[in-house]
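Fold and geometry: a report
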Amino acid sequence: MADVLTNSKAASKTPQSGKLVEMSWDPITRIVGSLGIYTKIDFEKKRVAECYSTSSIFRGYSIFMQNKDPRDAHFITSRICGICGDNHATCSVYAQNMAYGIKPPPLAEWIVNLGEAAEYMFDHNIFQDNLVGVDYCELMVKETNPGVWEKALKTEAPHAKEHGFKTIADIMKSLNPFEGEFYRETLQVSRMTREMFCLMEGRHVHPSTLYPGGVGTVPSIQIFTDFLVRLMKYVEFMKKVVPLHDDLFDFFYEALPGYEQVGQRRILLGCWGSFQDPDHCDYTYKNMDAWGKKMFVTPGIVVDGKLVTTNLVDINLGIRILLGSSYYEDWGDNGEVFVKNDPLGNPVDRRHPWNQTTIPKPQKRDFGKNYTWVMSPRWYDKRTDDYLALDTGGGPIARLWATALANIVDIGYVKATGNSVKIRLPKTALKDEAEFEWKIPKWSNAIERNRARTYFQAYAAGVALYCCEQALKLVHAGKTETFTPFKVPDEAIGCGFHEAVRGVLSHHLVIRNKKIANYHPYPPTPWNANPRDIYGTPGPYEDAVQNTPLFEENGPDKFKGIDIMRAVRSFDPCLPCGVHMYLGGGKVLKEMHTPTALQGLSKK
Amino acid sequence: MKISTVPVQADYKPAVKEIHVLWMTTGLGCDGDSVSVTAASLPSIEDVVLGAIPGLPKVHLHNPVLAYEVGDDFMKWWHLAAEGKLEPFVLVLEGSVPNEKIKSEGYWAAMGTDAKTGQPITTNEWVDRLAPKATAIVCAGTCATYGGIHAMEGNPTGAMGLADYLGWNWKSKAGLPIVNVPGCPVQPDNMMETLLYLLYQVAGLAPIIPLDDQLRPTWLFGKTVHEGCDRAGYYEQGDFAHEYGSPKCLVKIGCWGPVVNCNVTKRGWMDGVGGCPNVGGICIGCTMPGFPDKFMPFMDAPPGSAVSSFASGIYGGIIRSLRSITNRTVNKEPKWRHAHAELTTGYDPKYYGDGSTK
């Protein structure tokens, strides 16, 4: 067994008996980006023993951003991601607003919120039903768990009245790629939601109307009408989708007792908050705690089910970028300290994004040493002196969890209660008003991450309804300014906190001589897909997969790894920002002379 | 069941029965072009995959964002193609091609694992293996076509477009040059329409695809943003925006529309909705070989625009004031529309009885 495991905190969890078989999946498909998952599986115990997550692409944004005009930052950083580029553009604009000391007119904020709500509605929709959904479709279930398919045929869907599918098998059939009825319907819905996005931000995926200081969108009555009409169709659609997914996911717990352990890990969730309230947000660092708490998704860190903080200043200062198993040189003591203290006087760590220096060092992939282009972001918990491998849960579960516990949000259509989040969807053409309640689940696992995604689609629609009303009030009152002029200062720092669709997103910016001196974006997937850090702590995918029992009926010869796929995809992996799974035909380690995948590990 | 003897496309037997589309997303990119293509509706992916358009061969799409298969099951198609056992196929590349020669080991971009070495197979190796075997190669998006964002000044990977890597005169074994569909990301229907054209060509239903010297389809990129822009009329009248959020011409605040080859203003982004300057976005030239460096800083006026917008300011100012006079006139109804007792429209009534005599 390789040293890397015995040294790690994870080692104690690893079952050590039986024959371990190497299994890898690279690339993992039906995600955006290049992810590989390399595992050792104990088929006797039907458990994953070890897992390594690797990414095979490096581009170097934080390097080529240097010395550029800071006003170009959002145009460039949008291109980090081809599915949530607008989340980057928005986050960059937030960071620039702080650096330039400006506040956009309220209507601009409502327009950005509407764009972001449309983005959540689109992206969760297409990911859930055209990408994740395939893991639960007829073809896949027949191939991996014929027994479950038999049961699905006989199981009536409890909410058949609301969604129209009589049995669970009917739902699964409908999810078959391209041919399934619901699959094709959701593709259409994903197009309609992207049109909503284009109405607010010009085009998708890299928006064209966002600027520091506001938006270029001309706020005509027409764009809000065009948005609202489509939104109400989406609201009607969600009244079918929430009960449909509840039926599908509940069925898995019932059909496969113990399924709650798939993709389960300790509850370590991070959410950086989303949707600014223009009545409170002034983008100053000094007031960041106060306006952060007014967001319509509350920022927060949840550890073992308890809310540690909702303060964006605490969140900011706790971020650490660790190396360990990635292809970079440590900037350690030689790196320049760009920001010694934050604007409130608090010390800023060397390993904070403001002070990071990125030095790529391409090298061979070696699972005993370095094996990925992803670094290891951690959140330093000063209470316990731990570098927590927070995950984003793919976004929604962390968002809903933090918002529910914080118990602050109440905007009519969505309301936090302390242990749940209520979502009210008004009457639509063919359906009555409906209320959905997302309750804090017992586990942070694959099924609950997926379920939260569905509820957050409804949540985003609720926020969009509210923002659309607020925007129209301003337009009706003739308050149609959408841009605040500004000057780029000689020296400044800024940070933006936002939720990309799949979780936490921050941008940290340092300006000197009106140019970018340092810029480090931290998208959600590096938080989830990272490798073992310098302390040996595995990244969240690695940790979640390492704990996973296997329910697939196929043995090693025909093994698809469906439970592993479900565990990983539940996090909504998206690695233009870093990860690949490869199925390495099943090799018994003891008899192996290391031809392929886990080279380095199997040497010893 | 045939109802007529007139030959129609629906009866046509394409030159090849089946074709594979191998869509690689492992250039240095963001997968935005794959995501963009799921937004296409003219045609949509499902239209093409499910055979909703007559005359086409059966299309097998292998794209990692949409694939049913994972890992080796997915990579199987790439290995078959490299061995010459997948015939015919179109290779689509997304993302720029890194320069793997500038370092001693490791990789910038890779897909799959080499069974012999246990190391990742680089994107460049895949291009080297597949290019000689492909019927056609299409570059989706500005990264693959010309290098794009990841090839900007100061980049550490030496990234470039595919034509820079394979050579601008490269031809497929079928005699086709590389087909470039630029855009950051590619406009959804532009990409699907180009693929559809190539499928028609492979099927024997269309002549060789017309391309300009930057290898772009001429019917999509022959005009400028400005020529299709909602706001071009403001430019013509010398009426310029000085702040974002204005409905006027955006040239003075950073729009490069007059010199950028792109149809987004005419076509919109999705089914006519959106499209940068129409909505309020400056054109930053994202379809162009010079993108991004030659357009930065984006939010400043293009250097050449000062002269032309000055000229347009004078000429357009006069035109605008003359037009506003006419505009006032045509905004008034003709005087004969009224509720008075006499008819003043110019019609000469003969049978209106006593009250209508002249």
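Not measured: the values here are computed from a predicted model.

Another point: the overall build of chain B. When you go through chain B residue by residue, the secondary structure sums to 12 helices and 7 strands. Since a compact globule built from 358 residues should have a radius of gyration of about 21 Å, the 27 Å found for chain B marks it as more spread out than a globular shape. On the principal axes, the C-alpha backbone points of chain B span a range of 105 × 65 × 35 Å. Across the 358 residues in chain B, those meeting the buried criterion constitute 57%. Restricting to contacts in chain B with at least 6 residues of sequence separation, those with at least 24 account for 72%.

Moving on: the interface of chain A and chain B. Taken together, the contacts link 92 residues of chain A with 81 residues of chain B. Of the roughly 6,600 Å² buried between chain A and chain B on both sides combined, carbon and sulfur atoms contribute 62%. Connecting chain A to chain B are 3 salt bridges. Linking chain A to chain B there are 36 residue pairs in polar contact (both at pLDDT 80 or more).

As a volume, the largest pocket reaches approximately 470 Å³. As for the largest pocket, its lining consists of 19 residues, of which Phe178 of chain A together with Val49, Leu61, Tyr68 and Glu69 of chain B are closest to the centre. Elements supplying a minimum of two residues to the lining of the largest pocket: strand E2 (58–62) and helix H3 (71–82) of chain B. A total of 5 residues in the lining of the largest pocket trace back to one element, the largest contributor, which is E2 of chain B. Class assignment for the residues of the lining of the largest pocket results in 12 nonpolar, 4 polar and 3 charged.

So, about the pattern of salt bridges. The final tally for this structure, using the stated rule, is 42 salt bridges over all chains. Linking Asp300 of chain B and Arg71 of chain A is a salt bridge whose minimum nitrogen-to-oxygen distance equals 3.0 Å. Here Arg71 of chain A lies in the loop between helix H2 (61–64) and helix H3 (73–77) and Asp300 of chain B lies in the loop between helix H11 (276–279) and helix H12 (305–330), a pairing that spans two chains. Judged by its relative accessible area of 34%, Asp300 of chain B falls in the partly exposed class. A salt bridge links Asp212 of chain B to Arg216 of chain B, with the nearest nitrogen and oxygen atoms 2.9 Å apart. Classification of Arg216 of chain B by relative accessible area gives buried; the value is 6%. Here the salt bridges do not stand alone but share partners, grouping Asp246, Asp250, Glu448 and Arg451 of chain A into one network.

Residues and elements named next belong to chain A. Reading across from one edge, E7-E8-E9 is the order of the 3 strands in this open sheet, with antiparallel pairing throughout. Each edge of the open sheet carries a strand with a single partner, namely strand E7 (268–271) and strand E9 (306–309). Recorded for the sheet is a direction-independent mean angle of 25° between the axes of neighbouring strands. Bridge analysis of E7 against strand E8 (residues 300–303) gives 4 bridges, and the strand direction is antiparallel. Counterpart to Leu269 in the pairing with E8 is Val302. Helix H14 (residues 396–406) rests against E7, E8 and E9 of the sheet, and its axis sits at about 85° to E7.

Moving on: the nonpolar core. Ranked by internal contacts, the top residues of the largest apolar core, which has 268 residues, are Phe224, Phe227, Phe252, Tyr459 and Ile564 of chain A together with Met191 and Ile282 of chain B. Of all the elements, helix H15 (residues 446–476) of chain A adds the most residues to this core, at 19 residues. For Phe224 of chain A, the residues in contact, after removing those within four places along its chain, are Leu107, Ile111, Leu114, Met200, Pro219, Cys468, Ala471, Leu472 and Val475 of chain A. By size, the runner-up hydrophobic cluster in this structure holds 30 residues, among which are Ala82, Val97, Ala131 and Ala134 of chain B.

All right, on to helix H11 (residues 221–255) of chain A then. Residue and element names in this part refer to chain A. With 35 residues, H11 should cover 51 Å at 1.5 Å per step; its first-to-last C-alpha distance of 51 Å lies within 8% of that length. Where H11 bends most, the angle comes to about 25°, and this point is Met238. For H11, the tally of buried residues reaches 25 of 35 residues, placing the bulk of the element in the interior.

To continue, consider empty space enclosed by the protein. Any empty space left between atoms is shown by rolling a water-sized probe over those atoms. As a volume, the second largest cavity reaches approximately 190 Å³. Every residue lining the second largest cavity is counted, 26 residues in all, and those nearest its centre are Arg203 of chain A together with Cys276, Cys283, Ile284 and Cys286 of chain B. Broken down by class, the residue content of the lining of the second largest cavity amounts to 17 nonpolar, 7 polar and 2 charged.

The subject of this paragraph is unusual backbone geometry. In this structure, Val205 of chain A follows His204 of chain A across a cis peptide bond, with omega equal to 20°. Following the sequence through the fold, Val205 of chain A ends up in the loop between helix H10 (181–201) and strand E5 (210–211). With an omega dihedral of -10°, the bond running from Glu87 of chain B to Pro88 of chain B counts as a cis peptide bond. Among the secondary structure elements, Pro88 of chain B is positioned in the loop between H3 and strand E3 (89–94). Positive phi, close to 70°, is recorded for Asn67 of chain A, a residue that is not glycine. Structurally, the position occupied by Asn67 of chain A is in the loop between H2 and H3. With phi around 60°, Asp385 of chain A is a residue other than glycine that occupies positive phi space. Here Asp385 of chain A lies in the loop between strand E11 (376–381) and strand E12 (386–388).

Calculation rules
Residues numbered from 1 in each chain as written. Chains lettered and ligands numbered in written order. Predicted model: local features only at pLDDT ≥ 70, side-chain atom pairs only at ≥ 80, totals over all residues. Heavy atoms only, no water. Helix = DSSP H or I, 4+ residues; strand = E, 2+ residues; numbered from the N terminus. Rg over C-alpha atoms; globule rule 2.2 N^0.38 Å. Buried < 20%, exposed > 50% of the residue type's maximum accessible area, 1.4 Å probe, protein only. Contact = heavy atoms within 4.5 Å. Buried area = accessible area lost by both parts, 1.4 Å probe. Salt bridge = Lys/Arg side-chain N within 4 Å of Asp/Glu carboxyl O. Polar contact = N/O pair within 3.5 Å; in protein donor to acceptor, adjacent residues only side chain to side chain. 1 Å grid on protein atoms, 1.4 Å probe; cavity = no way out; pocket = protein on both sides within 12 Å on 5 of 7 lines; lining within 4 Å. Points joined across faces, edges and corners; volume = space filled by probe spheres on them. Nonpolar A, V, L, I, M, F, W, Y, C, P; charged D, E, K, R; others polar. Pairing = 2+ DSSP bridges. Axes fitted to C-alpha atoms, helices over the stretch in contact; angles between N-to-C directions. Core = buried A, V, L, I, M, F, W, Y, C linked by side-chain atoms within 4.5 Å. Expected span 1.5 Å × (residues − 1). Bend = angle between axes of the 7 residues up to and from the residue.

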